[in-house]
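These are the residues of each chain, in order.
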Amino acid sequence: MSWIFGYGKKDPQLLDPSQEMPPSTGKVEGGLQISESDMKKMEAYRFDSAALERAAQAARELEKSKHAKEALELSKMQEVTKQQELMVNMKAYEAEIERGKVQQKQVDAEERRKTLQEETRQHQARAQYQDQLSRKRYEDQLLQQQKINDENLRRQEESVAKQEAMRKATVEHEMQLRANLEMKKIQAEMEAKAKADRENRDINLEQIRLKAVENRATILESIKTAGSVIGAGVQSLLTDWDKMMVAAGGLSLLALGVYSAKGVTGVTARYVEARLGKPSLVRETSRFSFLDSVQHPVKTVKKLVKKPSDALSDVILAPELEERLRDVAIATKNTKKNRGVYRNILMHGPPGTGKTMFAKKLAQHSGMDYAIMTGGDVAPMGSEGVTAVHKVFDWAGSTRNGLLLFIDEADAFLRKRSSETISENLRATLNAFLYRTGEQSDRFMLVLASNTPEQFDWAVNDRLDEMVEFNLPGAEERERLVRLYFDKFVLQPAMEGNKRLKLAQFDYSQLCSEMARRLDGLSGREIAKLGAAWQAAAFASHDGVLTEKMVMDKCMDAVNQHKQKVEWQSEQEKRESKSIGYLSAKDNSTTIIVKKSKSPQSKASSSASPVDSVKTTPKS
C-alpha cells in the first residue's frame, strides 16, 4: 500500500550517479526536449479518476478488514527497512569513495618513493662515475710519474755509463802513455848500455882473459895440493896397520848407526801415525788428537763440556723405525757405560734417508767418537788398500772413549768374492777387513751403510749383528720434514731480520701440507735441498720477498727433477735400487716382493745373501 501514501516514490537525488542516463529519444514540448522516461514519470502524476476510485475502494475494504492495522504497520516497517538499506548503500558508497582517496594517496606515495629511489640511484651512479674518473686520473698521474722516473733513471744510467766509459778511456790512455814511457826508457837504457859495451869492448875482453888465466892457475894449484895431501894420507894409512883397523871400524859403526836410526824412526813414525794421526781413509771424525787440541782449543773445550744429546733429535723417521733405533741407541749407550762388546750394524735403504745423520747422533748420544769413511776410497788404492785398512783399525782400536766407525757405500769394496769383476787387490783388501772384524771389539763399533746390501760378501753378512732398513718417508714424515726445513731455511732467517729474506702473507701450515702431498717419493735429503731452494729463490728476487707461488714453483721443480732422475736410471739400477719406492710405497700398507736374478758366479753363494725378500711398508 505504499503507493497510497507516496512511500514508493524514489528520490531522484538518491539515484546512483554511476548509472548512466538512457539516451534521450522523446518529444519536444514548449521548445524543450523530453525523454521517454520523463514522459512516463509525468504520466504517473496525471490524475486518473478510475485509479482514485480503485484506491478508495481498496481503502474501504482495508478498513473493514480486521487486519488493517497490522497491514499498515507492516507497510511502515517495510518502508523503514528500505530507507535503512538506502542509507547503508550511501555509507558504503561514501566509504568506497574514501578508500579510493586512500588508494590514490598510496599510489602517490609509492610514486614519490620510486622517484626518490631513482634519484638516489642516479646520485650513486654519478658518484661512482666521478670516483672512477678520479681513480683514472690518479692512475694516469702515477703512470706518468713512473714514466718520468724511468726516464730520469735511464738518463742517470746513461750518464753513469758515459762517465764510466770516460774514466775507463782515461785510465787506458794513462796506462798506454805509461807503457810507452817505460818502453822508451828501457830502449834508451839498452841503447846506452850497448853503446858503452861497444866503447869498452877491448877493456872487457882484456879483463876476461886475465880472469881466465887466474882461474886456471888457481885450479891447477888446488889439484896439486889436494893430490899431495891425499897421497900422503893414503900412504900413511897403508903403511900403518892400526890406523887402517880404526878407520874400518869407524866406517862400520857409522853405517850401523845410520841404518838403525832410520829403522827406529820409521817404526816410531808408523806407531805414532797409527795411534795419534788420522788415517788417510777417514774423511771426517769427531776424535781429537793432541795436535788438534793444541790447534783448536775452543772445540776441544766445547767437546768436553758438551752433554750427550738425543739420538733422534732432528731425525724424522717412521714411528716403527724410530722405536727400533731408539732401542739401538739405548743399548749402545749402556754398552759404552758398562764396557761391553759392541754390536755391528748394517743400515740399508735409499740414499738420503738419514743413515749418516743417525750414525753421528748415535755416537754423540752414546758418548763415543765417530769416524766416517767411504768404500769408494778403498778400491782406487790398489795394493796399498790392505795397509790403509790395517791403519784404520789400528787407529780405531787405540781410542779410549770408544769409536763408531761408519763406512758409507760399503758395498764398493765388500762385494762377493765369487764375482768375476773383483780384482786381486780388492780381494786382498776384503780379506784384510774380514781379518780385523773377525771378533767383536770393545773399542770400536762397526756401522755399514749401503743402498744395495745384496752385493755384500757372505762373510761380511756374518759379521753383522743387526740390520736396519731406512725407507722413504711417508705422508706424515714428509709433512714433518717440510715443516722442519721451512722453519729452518725460511721462517727463522725471516724473523732474524739480518738477512735479505722476507716472507709474504699466506697460510704456511696449509701450504706445507699441500707440498707434503705432492712430494711423494722424495727422500729427506731432497726435501732438505728444497728448503735451500726456497731460500735461494728469495735471495734471487728483486725485493727479497718469498711468495706462495715461488714456494710451490720450487716444489714442483723438485718433483719434476726427481721424476727425471728416476727415468734416467737403467733397468739394472731400477731392479737393485730402492729409490723407486714412490712407485709402490704409497701411503697405504703395501707388500713388495723383490726377486734378484742369480748369475752363474753367484749361485755358489746364493745362500749367503737373501735372494727373495718380502717387505711390508706400514701405513703412514
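Look above for the structure.
Reading the values: rules and limits
- Residues numbered from 1 in each chain as written.
- Predicted model: local features only at pLDDT ≥ 70, side-chain atom pairs only at ≥ 80, totals over all residues.
- Heavy atoms only, no water.
- Helix = DSSP H or I, 4+ residues; strand = E, 2+ residues; numbered from the N terminus.
- Buried < 20%, exposed > 50% of the residue type's maximum accessible area, 1.4 Å probe, protein only.
- Contact = heavy atoms within 4.5 Å.
- Areas by Shrake-Rupley, 256 points an atom, 1.4 Å probe, with all protein chains shown as cover.
- Polar contact = N/O pair within 3.5 Å; in protein donor to acceptor, adjacent residues only side chain to side chain.
- Pairing = 2+ DSSP bridges.
- Axes fitted to C-alpha atoms, helices over the stretch in contact; angles between N-to-C directions.
- Core = buried A, V, L, I, M, F, W, Y, C linked by side-chain atoms within 4.5 Å.
- Parallel < 35°, antiparallel > 145°, perpendicular 65-115°, else oblique.
- Left-handed = near helix turned anticlockwise from the far one by under 90°.
- Nonpolar A, V, L, I, M, F, W, Y, C, P; charged D, E, K, R; others polar.
- Expected span 1.5 Å × (residues − 1).
- Phe/Tyr/Trp six-rings, centres within 6.5 Å; stacked < 30°, edge-to-face > 60°.
- Salt bridge = Lys/Arg side-chain N within 4 Å of Asp/Glu carboxyl O.
- Right-handed = clockwise from strand over helix to strand, strands pointing away.

Enquirer: Give a description of the overall build of the chain that names residues and reports values.
Expert: Helix and strand content of the chain: 18 helices and 12 strands. Within the chain, the proportion of its 620 residues that are buried is 26%. Considering only intrachain contacts with a sequence separation of at least 6, the fraction spanning at least 24 residues in the chain is 76%. For the chain, the exposed surface amounts to about 43200 Å²; the carbon and sulfur share of it is 55%.

Enquirer: I'd love a proper account of the environment of Asp411, names of residues and values included.
Expert: By the element assignment, Asp411 lies in the loop between β6 (403–408) and α12 (424–436). Owing to a relative accessible area of 7%, Asp411 belongs among the buried residues under this scheme. Placed 38 residues apart in sequence, Asp411 and Ala449 show a C-alpha to C-alpha distance of 8.3 Å. For Asp411, the contacting residues outside a window of four places in its chain are Ser450, Asn451, Thr452, Gln455 and Phe456. A distance of 3.5 Å separates the side chain of Asp411 from the side chain of Thr452, its partner in a polar contact.

Enquirer: I'd like to hear about the sheet that holds strand β4 (residues 345–348), residue by residue, with values.
Expert: Taken in spatial order, the 6 strands make up an open sheet running β3-β5-β6-β7-β4-β8, and their pairing is mixed. Of all the strands in the sheet, just β3 (284–285) and β8 (466–469) have a single pairing partner and so form its edges. This element, helix α9 (residues 319–337), spans β4, β7 (444–450) and β8 of the sheet and lies at about 145° to β8.

Enquirer: Give a detailed account of the nonpolar core, specifying residues and quantitative values.
Expert: If you look at the biggest cluster of nonpolar residues, it comprises 31 residues, and the most contacted ones within it are Leu405, Ile407, Leu414, Phe433 and Leu448. Going through the elements one at a time, β5 (369–374), α11 (385–397), β6, α12, β7 and α13 (458–462) are the ones with two or more residues in this core. The greatest single-element share of this core, amounting to 6 residues, is contributed by α11. Ile407 has contacts with Met373, Gly375, Phe413, Phe433, Leu446, Val447, Leu448 and Ala449, leaving out every residue within four places of it along the chain. Membership of the second largest hydrophobic core comes to 27 residues, among which are Leu503, Leu522, Ala537 and Val551.

Enquirer: Explain the packing of helix α16 (residues 524–540) against helix α17 (residues 548–568) to me, and be specific about the residues and the numbers.
Expert: Where α16 contacts α17, the axes come no closer than 10 Å and their chain directions differ by 140°. Viewed along their axes, α16 and α17 adopt a mutual orientation that is oblique. α17 is crossed by α16, and the crossing has right-handed handedness. Contacts from Glu526, Leu530, Ala533, Trp534, Ala537 and Ala538 in α16 reach Met550, Val551, Lys554, Cys555, Ala558, His562 and Lys565 in α17. Residues that form the contact of α16 with α17 fall into these classes: 9 nonpolar, 1 polar and 3 charged.

Enquirer: Any chance you could break down helix α10 (residues 355–366) for me, citing the residues and the numbers?
Expert: Here α10 contains 12 residues, and its C-alpha end-to-end distance of 16 Å stays within 8% of the 16 Å for a straight helix at 1.5 Å per residue. Elements that come into contact with the buried residues of α10 comprise α9, β4, β5, β6 and β7. Gly367 sits one or two positions beyond α10 and adopts a positive phi of about 80°.

Enquirer: So what's going on with the side chain of Thr353? Residues and values would help.
Expert: Relative to the helices and strands, Thr353 resides in the loop between β4 and α10. On the basis of relative accessible area, Thr353 is assigned to the buried category, the value being 8%. Looking at Thr353, its side chain comes within polar contact range of the main-chain oxygen of Pro350, at 2.9 Å. Looking at Thr353, its side chain comes within polar contact range of the side chain of Lys355, at 3.4 Å. Residues within four places of Thr353 in sequence aside, it is in contact with Leu317, Phe470, Asn471 and Leu472.

Enquirer: Which residues make up the packing of aromatic side chains, and what are the values?
Expert: In this structure the tally under the stated criterion is 8 aromatic pairs. Centre to centre, the rings of Phe413 and Phe433 are 5.8 Å apart; their planes meet at 85°, and the pair counts as edge-to-face. In this pair, Phe413 sits in the loop between β6 and α12 while Phe433 sits in helix α12, placing the two residues 20 residues apart along the sequence. An identical accessibility class is assigned to Phe413 and Phe433; each is buried. Centroid distance Phe506 to Tyr508: 4.9 Å. Interplanar angle 85°. Geometry classified as edge-to-face. By relative accessible area, Phe506 is classed as buried at 13%.

Enquirer: Quick rundown of unusual backbone geometry? Include the residues and the values.
Expert: A positive phi angle, close to 55°, is found at Arg339, a residue other than glycine. For Arg339, a relative accessible area of 75% corresponds to the exposed category. A positive phi angle, close to 50°, is found at Glu409, a residue other than glycine. Along the chain, Glu409 turns up in the loop between β6 and α12. On the accessibility criterion, Glu409 (31% relative accessible area) is partly exposed.

Enquirer: Requested: an account of the pattern of salt bridges, with residues and values cited.
Expert: Applying the stated rule across the entire model yields 23 salt bridges. The shortest N-O distance in the salt bridge between Arg324 and Glu466 comes to 3.4 Å. Of this pair, Arg324 sits in helix α9 while Glu466 sits in strand β8, and the two are 142 residues apart along the sequence. Here Lys549 ties to Asp553 by a salt bridge, and the two come within 3.0 Å at their closest N and O atoms. Of this pair, Lys549 and Asp553 both sit in helix α17, 4 residues apart, which is roughly one turn of the helix.

Enquirer: With reference to specific residues and values, describe the pairing of β7.
Expert: Summarising burial for β7: 7 of the 7 residues are buried, a large majority. Alternating residues of β7 divide into Phe444, Leu446, Leu448 and Ser450 and Met445, Val447 and Ala449, and every residue in both groups is buried. The pairing of β4 with β7 spans 4 bridges and is parallel. What sits directly across from Met347, in β7, is Ala449. One ladder, built from 5 bridges, connects β6 with β7; its direction is parallel. Paired with Leu405 across the two strands is Leu446, which belongs to β7.

Enquirer: Can you break down the pairing of β5 residue by residue, with the values?
Expert: Most of β5 sits out of view: 5 of its 6 residues are buried. Relative to β5, β3 runs antiparallel, the two sharing 2 bridges. Paired with Glu284 across the bridge in β5 is Ile372. Here β5 pairs with β6 via 6 bridges, running parallel. Each bridged residue has a counterpart across the sheet, and for Thr374 the counterpart in β6 is Asp408. Between β5 and its parallel partner β6, the chain crosses via α11, and the hand of that crossover is right-handed.

So yeah, pure geometry; function would need other evidence.
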